Amino acid sequence: MRSHRRSRLLAPFLLVPLTAGCFASGGGGDSASGDGNDGDGARLRVALAFPPAENLSPYGADATLLSRLGVTEGLTALDANGSAAPALAESWRRDGDKTWEFTLRDATFQDGGAVTPAAVAASLTHATDAKPAPAALAGVTLDAKASGDRVVRVTTAEPDPVLPLRLSSPSLAILSKDAYGKGSRVDPVGHATGPFELTEVNGATSASLDRFDDYWGGRAQASGIDARFIADGTARANALRTGELDIAEAVPVAQAASLDEKTRRDTATTRTTSLLLNASSGTFKDAGLRAAARAALDTSVFAKDVYEGYGDPGAGVYGPAVTWAEGKRTAPVGRAAAKKPGSGDTITLATYDNRPELPEVAQVVKQQLEKAGFTVELTVREYSRLEGDALDGKFDAFVLARNTLLDTGDPVAVLASDYTCDGGFNIAQLCDEGVDRAVADAEKIADTAKRQDAAMAAEARILGSDAVVPLVHQRIITGVADSVQGVVLDPYERTLVGTGTRR
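Every chain is numbered independently, its residues counted from 1 as its sequence is written. Under the rules for a predicted model, residues below a pLDDT of 70 receive no local features and side-chain atom pairs below 80 are neither given nor counted, while totals for whole chains, interfaces and linings still include all residues. For the side-chain quantities, the full set of heavy atoms in the structure was used; hydrogens and water were omitted.

J.: Account for the overall build of the protein chain, with residues named and values stated.
T.: For helices the rule is a DSSP run of H or I covering at least 4 residues; for strands it is a run of E covering at least 2, with both sets numbered from the N terminus onward. From N to C terminus, the protein chain includes 13 helices and 17 strands. Each principal axis of the C-alpha distribution contributes one length, and for the protein chain these read about 65 × 55 × 45 Å. Only protein chains enter the accessibility calculation, which uses a 1.4 Å probe; a residue is then buried when its area is under 20% of its type maximum, exposed when over 50%, and partly exposed in between. When burial is assessed residue by residue, the protein chain has 59% of its 503 residues classed as buried. Only the protein chains shown count as covering a residue, and every accessible area follows the Shrake-Rupley method with a 1.4 Å probe. Looking at the protein chain as shown, the accessible area adds up to about 18,500 Å², and 46% of this sits on carbon and sulfur atoms. Each charge sign in the protein chain was given a centre, from 53 positive and 67 negative side chains, and these centres are 3 Å apart. Only four residue types enter the tally: Lys and Arg on the positive side, Asp and Glu on the negative side; His and the chain ends are excluded. Charged groups are reduced to one reference atom each: NZ for lysine, CZ for arginine, CG for aspartic acid, CD for glutamic acid.

J.: Tell me about unusual backbone geometry, residues and numbers included.
T.: A cis amide bond, omega -10°, links Lys131 with the succeeding residue Pro132. Among the structural elements, Pro132 can be located in the loop between helix H2 (117-129) and strand E6 (142-147). Phi angles above zero are rare outside glycine, and Ala250 is one such case at about 50°. Locating Ala250 in the fold gives a position in the loop between strand E11 (247-248) and helix H5 (253-256). Residue classification places Ala250 among the buried positions, given a relative accessible area of 13%.

J.: Can you break down the packing of aromatic side chains residue by residue, with the values?
T.: For this analysis, a ring pair means two rings from Phe, Tyr or Trp (six-membered ring only for Trp) whose centres lie within 6.5 Å, classed as stacked if their planes differ by under 30 degrees, edge-to-face if by over 60, and tilted for the remaining angles. By the definition in use, this model includes eight aromatic pairs. Relative to Phe374, the ring of Phe284 lies with its centre 5.7 Å away and its plane at 50°, an arrangement referred to as tilted. In this pair, Phe284 is assigned in the loop between strand E12 (264-277) and helix H6 (287-296) and Phe374 in the loop between helix H9 (357-371) and strand E15 (375-381), connecting sequence segments 90 residues apart. The same class applies to Phe284 as to Phe374, namely buried.

J.: Can you lay out the pairing of E12 for me, pointing to particular residues and giving the numbers?
T.: Residues in a regular strand point their side chains to alternate faces of the sheet. Here E12 lies mainly inside the structure; 10 of its 14 residues are buried. A pair of strands is considered paired only if DSSP assigns at least 2 bridges between the two. Here E12 runs beside strand E17 (residues 468-480); their pairing, made up of 10 bridges, is antiparallel. Paired with Arg264 across the strands is Gly479, a residue of E17. In this sheet, strand E16 (residues 397-403) lies alongside E12 in antiparallel orientation, the contact comprising seven bridges. When the sheet's bridge partners are listed, Thr272 is paired in E16 with Arg402.

J.: I'd like a description of the pattern of salt bridges, backed by residues and values.
T.: Close approach of charged atoms lets side chains of opposite charge pair. Between Lys or Arg on one side and Asp or Glu on the other, a salt bridge is scored when a side-chain nitrogen of the former is within 4 Å of a carboxyl oxygen of the latter. Applying the stated criterion to the full structure yields 29 salt bridges. Of the charged contacts, one joins Arg93 and Glu101 as a salt bridge, the two residues approaching to 3.2 Å between their closest N and O atoms. Note on Arg93: relative accessible area 44%, which makes it partly exposed. Glu101 sits in the buried class, given a relative accessible area of 15%. Here Glu101 ties to Arg153 by a salt bridge, and the two come within 2.5 Å at their closest N and O atoms. One end of the pair, Glu101, is in strand E5 (residues 99-104); the other, Arg153, is in strand E7 (residues 151-156), with 52 residues separating them in the sequence. The class of Arg153 is partly exposed, set by a relative accessible area of 26%. One network of salt bridges, with partners in common, ties together Arg93, Asp95, Glu101 and Arg153.

J.: Give a description of the nonpolar core that names residues and reports values.
T.: Leu275, Phe398 and Leu415 are the most contacted members of the largest nonpolar core, which totals 140 residues. By definition in these notes, contact holds between two residues if any of their heavy atoms fall within 4.5 Å. Residues in contact with Leu415, not counting those within four places in the same chain, are Val317, Tyr318, Thr420, Val439, Ala455, Ala458, Glu459 and Ile462. Definition used in this section: a nonpolar core is a set of buried Ala, Val, Leu, Ile, Met, Phe, Trp, Tyr and Cys residues joined via side-chain atoms within 4.5 Å.

J.: Can you lay out H9 for me, pointing to particular residues and giving the numbers?
T.: Between its first and last C-alpha, H9 extends 21 Å over 15 residues, near the 21 Å set by a 1.5 Å rise per residue. Taken together, the buried positions of H9 are occupied by Glu357, Leu358, Val361, Ala362, Val364, Val365, Lys366, Gln368 and Leu369. Positive backbone phi, approximately 110°, marks Gly373, located one or two places after H9. Any helix carries an expected span of 1.5 Å times its number of residues minus one.

J.: Now, about the state of the cysteines: what can you tell me, with residues and values included?
T.: When two cysteine sulfur atoms lie within 2.5 Å, the pair is treated as a disulfide. For the structure on display, the rule yields one disulfide. With a sulfur-sulfur separation of 2.0 Å, Cys421 is cross-linked through a disulfide to Cys431. The chirality of the disulfide connecting Cys421 with Cys431 is right-handed, given an S-S dihedral of about 100°. In this pair, Cys421 is assigned in the loop between helix H11 (413-419) and helix H12 (433-443) and Cys431 in the loop between H11 and H12, connecting sequence segments 10 residues apart. Judged by relative accessible area, which is 17%, Cys421 ranks as buried.

J.: Give me the lowdown on the environment of Gly96, citing residues and values where you can.
T.: Along the chain, the position of Gly96 falls in the loop between strand E4 (89-94) and E5. Taking relative accessible area as the criterion, Gly96 reaches 47% and is therefore assigned partly exposed. C-alpha of Gly96 to C-alpha of Ser171: the two residues are 75 residues apart in sequence and 26 Å apart in space.

J.: Quick rundown of the pairing of strand E10 (residues 224-229)? Include the residues and the values.
T.: Bridge analysis of strand E1 (residues 44-48) against E10 gives five bridges, and the strand direction is parallel. Bridge assignment links Leu48 to a residue of E10, and that residue is Phe229. Sheet analysis places strand E9 (residues 206-211) next to E10, joined by five bridges and oriented antiparallel. The partner of Ser206 across the bridge, within E10, is Arg228.

Here's what the structure looks like:
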């Protein structure tokens, strides 16, 4: 149905303050002594929930693995307010409607070369040419060129008022020329700019990273990272409890109580768990049956029971962490009247088990839909074995935990990628002229408050289609050993370790 396909899960927005500081890799404080292999700072033992799905390509789901481990960075980063902050670019300015100039800081690639305007322009050009395009570039055509010793000029085909936010995306990380091989292969190992350098990748099992001593933001206090990819949430929690790990991301809520209170850090995030209904084929092509499914769901039970209080009942695409959204939210537009489901068809409902709560969420959804008269068959797989079928529209319904602020820093971006006809992550298979028009109108607005208003108007049309039913707005639990300091608890889930993370 669509040619644009790329992992977006790990896989976007203008928020008000959540915590203090900038979430780009960084930190400070005195160096800690430890058992690092160079005698200067202990190595960190970190478990991530999602294994590499695309050979660590920066253009898909693996982009966030790289940024969370402090390997990659872009021209900009997101600060705590959701605004663009300096990263490899120390400043920028707009030159007319379609061009921005970014002034680079003095920085070095991990393979020893300087971060020059030519290298940055080439890296952005590779991202632009990637097939499919990174989510941050959905619907955007840009041209990057060097301009003098320190400046990169980025010109877009159409005016892009949020380009500095867009360039903060982990999928637009800047890599050296040697990262790009023949064809579409991109190798970030040793070719990035962050405080930690990948030295070894063992498939989907583990990776080793060493401190990059020439990092522009200062030497990291840890000498390196031993990363393990552990999809099983209980296993991650157990490894933290037994002292095998220093940091475990995405601890299941069912395991939270088994951890000492000092090792539990829960963070409000911009992640929403939703039920996506296939609006283009099968049972839920009928808007009346989508309305019946939405009416059948009691969303209060997900936050209270499944997430054991580590969440809020689903209110919209944007949850409470996007604090401006509630005051601007309007009633859904264009909802169809609910129809009584028939007994002839079986609905295929799917989800993945990388996030342990999701199979339980799906089981509750199944029970509630069956109570309303639907016949439901549930499929649960590991995410990388499920995504292709989901993007191809092979399921009638899909339970997805989506960080709505991950791809860019713009509240409109997730609407364009997830709910428009040509969206690259449109699991709901929604193609509605009214929705496309509302999203397109929002994309043209530069003023922050007015863009937020337009995003909420588009959200009202999307919710009115009943192609998405928000179930719960999630808090993420990170397990942190008592000896560890400086973990970056990022509501955007782009960063986990920085220069100040140590034990």
